[in-house]
Amino acid sequence: MDCNMPVMDGYDATRILREKMSSGVLPSTPIYSLTAGNDRSPELKRSMDAGVEAVINKPITPKKLKEIVEKHCNSPKNQI
């Protein structure tokens, strides 16, 4: 999720998606926030408060992205 999108930021988009997942309109799906910040940046707290599974700091390697996605996709709450 890009947190700095025009029209609707990623925080609001994540909240809306989470509401739809909670009500059963959408299946449970991991949402990740990608940021140029660091572990102490305001984006971290705002993203987690909005409901993302993880905040990924740029730059990211393909290996690290794969590890993060596999961790959350193998979670029992995300099993089909």
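Quick summary incoming for the structure in this document.

### Some words on a nonpolar patch on the surface
On the surface, a nonpolar cluster with roughly 310 Å² of combined accessible area is contributed by Val 7, Met 8 and Ile 16. Among the secondary structure elements, Val 7 is positioned in the segment before helix 1 (10–22). With relative accessibility at 94%, the residue Val 7 sits in the exposed group.

### Things to note about the pattern of salt bridges
Tallying each qualifying case throughout the model produces five salt bridges. Here Arg 15 ties to Asp 12 by a salt bridge, and the two come within 3.1 Å at their closest N and O atoms. Placement of the pair is Arg 15 and Asp 12 together in helix 1, with a separation of three residues, close to one helical turn. The partner of Lys 45 in a salt bridge is Asp 49, with the nearest N and O atoms 2.8 Å apart. Here Lys 45 pairs with Asp 49, and both are found in helix 2 (residues 42–50), just four residues apart, close to one helical turn. In this structure, Lys 45 and Asp 49 share a single accessibility class: exposed.

### Focus on the side chain of Glu 53
Examined against the element boundaries, Glu 53 turns out to sit in the loop between helix 2 and strand 2 (54–57). Within the local environment of Glu 53, its side chain forms a polar contact with the side chain of Arg 18, the two groups lying 2.5 Å apart. For Glu 53, the side chain forms a polar contact with the main-chain nitrogen of Ile 31, separated by 2.7 Å.

### Considerations on the side chain of Thr 35
With respect to the element layout, Thr 35 can be found in strand 1 (residues 32–35). In this structure Thr 35 touches Glu 43, Val 55, Ile 56, Asn 57 and Lys 58, once residues within four positions along its chain are discounted.

### Details of the environment of Ile 68
As for its placement among the helices and strands, Ile 68 is situated in helix 3 (residues 62–73). Using a relative accessible area of 13% as the deciding quantity, one classes Ile 68 as buried. When the C-alpha atoms of Ile 68 and Ala 54 are compared, they prove to be 7.9 Å apart, with 14 residues separating the residues in sequence. Here Ile 68 is in contact with Tyr 32, Ala 54, Ile 56 and Ile 60, once residues within four sequence places are set aside.

About the cut-offs
Residues numbered from 1 in each chain as written. Predicted model: local features only at pLDDT ≥ 70, side-chain atom pairs only at ≥ 80, totals over all residues. Heavy atoms only, no water. Patch = residues over 30% accessible without salt bridge, like charges linked within 9 Å, V, L, I, M, F, W, Y side chains within 5 Å. Areas by Shrake-Rupley, 256 points an atom, 1.4 Å probe, with all protein chains shown as cover. Salt bridge = Lys/Arg side-chain N within 4 Å of Asp/Glu carboxyl O. Helix = DSSP H or I, 4+ residues; strand = E, 2+ residues; numbered from the N terminus. Buried < 20%, exposed > 50% of the residue type's maximum accessible area, 1.4 Å probe, protein only. Polar contact = N/O pair within 3.5 Å; in protein donor to acceptor, adjacent residues only side chain to side chain. Contact = heavy atoms within 4.5 Å.

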